[in-house]
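The residues making up each chain are set out below.
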Amino acid sequence: LLNDAGEGDKDPNLMAKMMSKMQTDMKMTSNGSAKEAADILTKGCNMGMKTLAEYMNQYRSASDEAQNLCEKLYQLEDCMVDELRVFL
């Protein structure tokens, strides 16, 4: 849908990408438990859900297909958080 709209792929800033990897690597090296991995994934899902909710509110006039895809992605992240709770 992004390609059809002329937006294409946008890679994250290289510095942000490196910092994120370093932070994750440090956390997993110091405490590579399932709990730590679940915590990292849960935080990522929560950030993703927040961003998706912001975009759903900001782009209310988006196509039904885009809105449905966004909602589906939101639900997937929400389900993942639920499944990760047993590890926290």
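As the structure is a computational prediction, the values presented were derived from the model and not from experiment. (Residues numbered from 1 in each chain as written. Predicted model: local features only at pLDDT ≥ 70, side-chain atom pairs only at ≥ 80, totals over all residues. Heavy atoms only, no water.)

Some thoughts on the side chain of Glu77
Where we set the bar: In this description a helix means any DSSP run of H or I spanning at least four residues, a strand means any run of E spanning at least two, and both kinds are numbered starting from the N terminus. We call two residues in contact when some of their heavy atoms are within 4.5 Å.
Counting through the fold element by element, Glu77 comes out in helix α3 (residues 64–84). Not counting chain neighbours up to four residues away, the residues in contact with Glu77 comprise Gly44, Cys45, Gly48, Met49 and Leu52.

Thoughts on helix α1 (residues 14–30)
For clarity, the threshold we go by: One fewer than the residue count of a helix, multiplied by 1.5 Å, yields its expected span. Think of a polar contact as two N or O atoms within 3.5 Å of one another; within protein, one of them needs to be a possible hydrogen donor and the other a possible acceptor, and neighboring residues in sequence only count if both atoms come from side chains.
With 17 residues, α1 should cover 24 Å at 1.5 Å per step; its first-to-last C-alpha distance of 24 Å lies within 8% of that length. Near the N-terminus of α1, the side chain that reaches the backbone nitrogen of Met15, with its oxygen 2.6 Å away, is that of Asn13.

Thoughts on the packing of aromatic side chains
Test applied: Here a pair means two rings of Phe, Tyr or Trp (six-membered ring of Trp) with centres within 6.5 Å. Their orientation is stacked below 30 degrees between planes, edge-to-face above 60, and tilted elsewhere.
Under the counting rule described, the total for this entry stands at 1 aromatic pair. Here Tyr55 and Tyr59 contribute two aromatic rings whose centre-to-centre distance is 6.0 Å and whose plane-to-plane angle is 45°, an arrangement assigned as tilted.

Comments concerning the state of the cysteines
As used here, a disulfide is simply a covalent bond connecting the sulfur atoms of two cysteines. Rules: Throughout, a disulfide means two cysteine sulfur atoms within 2.5 Å of one another. Remark: exposure states derive from per-residue accessible area (1.4 Å probe, protein chains only) relative to the maximum for the residue type, with buried under 20%, exposed over 50%, and partly exposed in between.
Taken as a whole and assessed by the stated rule, the structure comprises 0 disulfides. In this structure Cys70 is not part of a disulfide, and its nearest cysteine sulfur, from Cys45, lies 14 Å away. With a relative accessible area of 14%, Cys70 lands in the buried category. Looking at Cys79, it has no disulfide partner, and the nearest cysteine sulfur is the one in Cys45, 10 Å off.

Side note on the environment of Cys79
Counting through the fold element by element, Cys79 comes out in helix α3. Sequence spacing of Cys79 and Cys45 is 34 residues, and the spatial spacing of their C-alpha atoms is 9.6 Å.

Here's the deal with the side chain of Thr42
Its location among the elements puts Thr42 in helix α2 (residues 34–58). For Thr42, the contacting residues outside a window of four places in its chain are Val81, Leu84 and Leu88.

Quick notes on α2
For α2, spanning 25 residues, the distance from its first C-alpha to its last is 36 Å, which sits close to the expected 36 Å at 1.5 Å a residue. Residues of α2 that are buried in the fold lie against α1 and α3.

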